[in-house]
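Residues per chain, in single letters:
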Amino acid sequence: MNTTEFLQITGAICPQKTAIVFEGERFSYADISERSNRLAHALSGLGVVKGDRVAILQVNCNKYVEAYFATAKLAGIFVPLNFRAKADELTYMINNSEAKVLLVGKRYVEMVHSIQRKLKSIKHYISLEGKEKRMSDYDELLASASSDEVVPDSQDDDVSVLMFTAGTTGFPKGVMLTHNNFSSYILSNVTPADPELEEKNILTVPLYHIAGIQAVLSAVYGGRTLVIQRQFEAEEWMRLVQAEGVSRAMMVPTMLKQLMDHPKFG
């Protein structure tokens, strides 16, 4: 099953259900579908075609999710980059993936500019958070693009995500993940969207990691609400869980320990 169908199906079943909560903003499944289609049309206008790589350097946010689905709708390959990587590692990953487009969060703009001359394949840079020199503006691209549905020309065994390992013994290695790698697990373990069911996930693990991407796709197929944190911070995590009524979380032991050791944990 193509992962874009997860969003298409849930968007048809419960379009007005909240898909994402991020820093005070709420986006329904209809919103995410429309914004992903707009970005897909915008990327197509920049020359992105089947098999092209679209890379992103950013912390967790709604635009990260939109960028994945937009790339998948064009039968492209999404390349999530580790935002903790050093300049030489980023240069290697971007060149190794042969990415054509790079979406950049504000805190990483200066680093990208510092390595720009070394990036061999990037044709277009897109700023995710406001206007930047020599970059297109994400919000302007969406505003000027069509919202018509984009149907991918891809197969289940086509690569959907090129995800890099940590590279502890050398440079990171690119791992090719197909649509079926994700859908075979999700279809076996996640109940499809139900308009009567309210379930909320909090997402704190980074989206450049398999756990993050898998959590997003599982939530979309299950029609859950994703409460997104840019990066894990214990007190804000507790506030969001209480305010939003979160019922599900993907955590690692270090996060759990920070929560349990926090003076406000009780």
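Everything numeric here is computed off the predicted structure, so don't read it as measured data.

Caption draft 1: Highlighting a nonpolar patch on the surface. Residues Leu256, Met260 and Phe265 make up a contiguous nonpolar surface patch of roughly 310 Å² in combined accessible area. Position of Phe265 relative to the elements: it lies in the segment after helix H10 (253-261).

Caption draft 2: Spatial organisation of the environment of Thr91. Along the chain, the position of Thr91 falls in helix H4 (residues 87-97). Each C-alpha atom, one on Thr91 and one on Lys131, is 23 Å from the other, the two residues being 40 residues apart in sequence. In this structure, Thr91 is in contact with Ile115, Lys118 and Leu119, ignoring residues within four places of it in sequence. Engagement of the side chain of Thr91 in a polar contact is seen with the backbone oxygen of Ala87, the distance being 2.8 Å.

Caption draft 3: Quick peek at the packing of aromatic side chains. Within this structure, the stated rule accounts for seven aromatic pairs. Their ring planes at 80° and their centres at 5.6 Å tell us that Tyr68 and Phe78 sit as a pair that is edge-to-face. Of this pair, Tyr68 sits in helix H3 (residues 62-73) while Phe78 sits in strand S4 (residues 77-80), and the two are 10 residues apart along the sequence. The two residues Tyr68 and Phe78 agree in class, both being buried. Plain terms: the ring middles of Phe83 and Tyr208 are 5.2 Å apart, the flat faces sit at 80° to each other, and that makes the pair edge-to-face. You can see Phe83 sitting in the loop between S4 and H4 and its partner Tyr208 sitting in the loop between strand S10 (200-203) and helix H8 (210-222), a full 125 residues away along the chain. Take Phe83 and Tyr208: they sit in the same class, and that class is buried. Of the aromatic side chains, those joined through ring pairs into one cluster are Tyr64, Tyr68, Phe69 and Phe78.

Criteria and thresholds
- Residues numbered from 1 in each chain as written.
- Predicted model: local features only at pLDDT ≥ 70, side-chain atom pairs only at ≥ 80, totals over all residues.
- Heavy atoms only, no water.
- Patch = residues over 30% accessible without salt bridge, like charges linked within 9 Å, V, L, I, M, F, W, Y side chains within 5 Å.
- Areas by Shrake-Rupley, 256 points an atom, 1.4 Å probe, with all protein chains shown as cover.
- Salt bridge = Lys/Arg side-chain N within 4 Å of Asp/Glu carboxyl O.
- Helix = DSSP H or I, 4+ residues; strand = E, 2+ residues; numbered from the N terminus.
- Contact = heavy atoms within 4.5 Å.
- Polar contact = N/O pair within 3.5 Å; in protein donor to acceptor, adjacent residues only side chain to side chain.
- Phe/Tyr/Trp six-rings, centres within 6.5 Å; stacked < 30°, edge-to-face > 60°.
- Buried < 20%, exposed > 50% of the residue type's maximum accessible area, 1.4 Å probe, protein only.

Any functional reading would require information that these geometric values do not contain.
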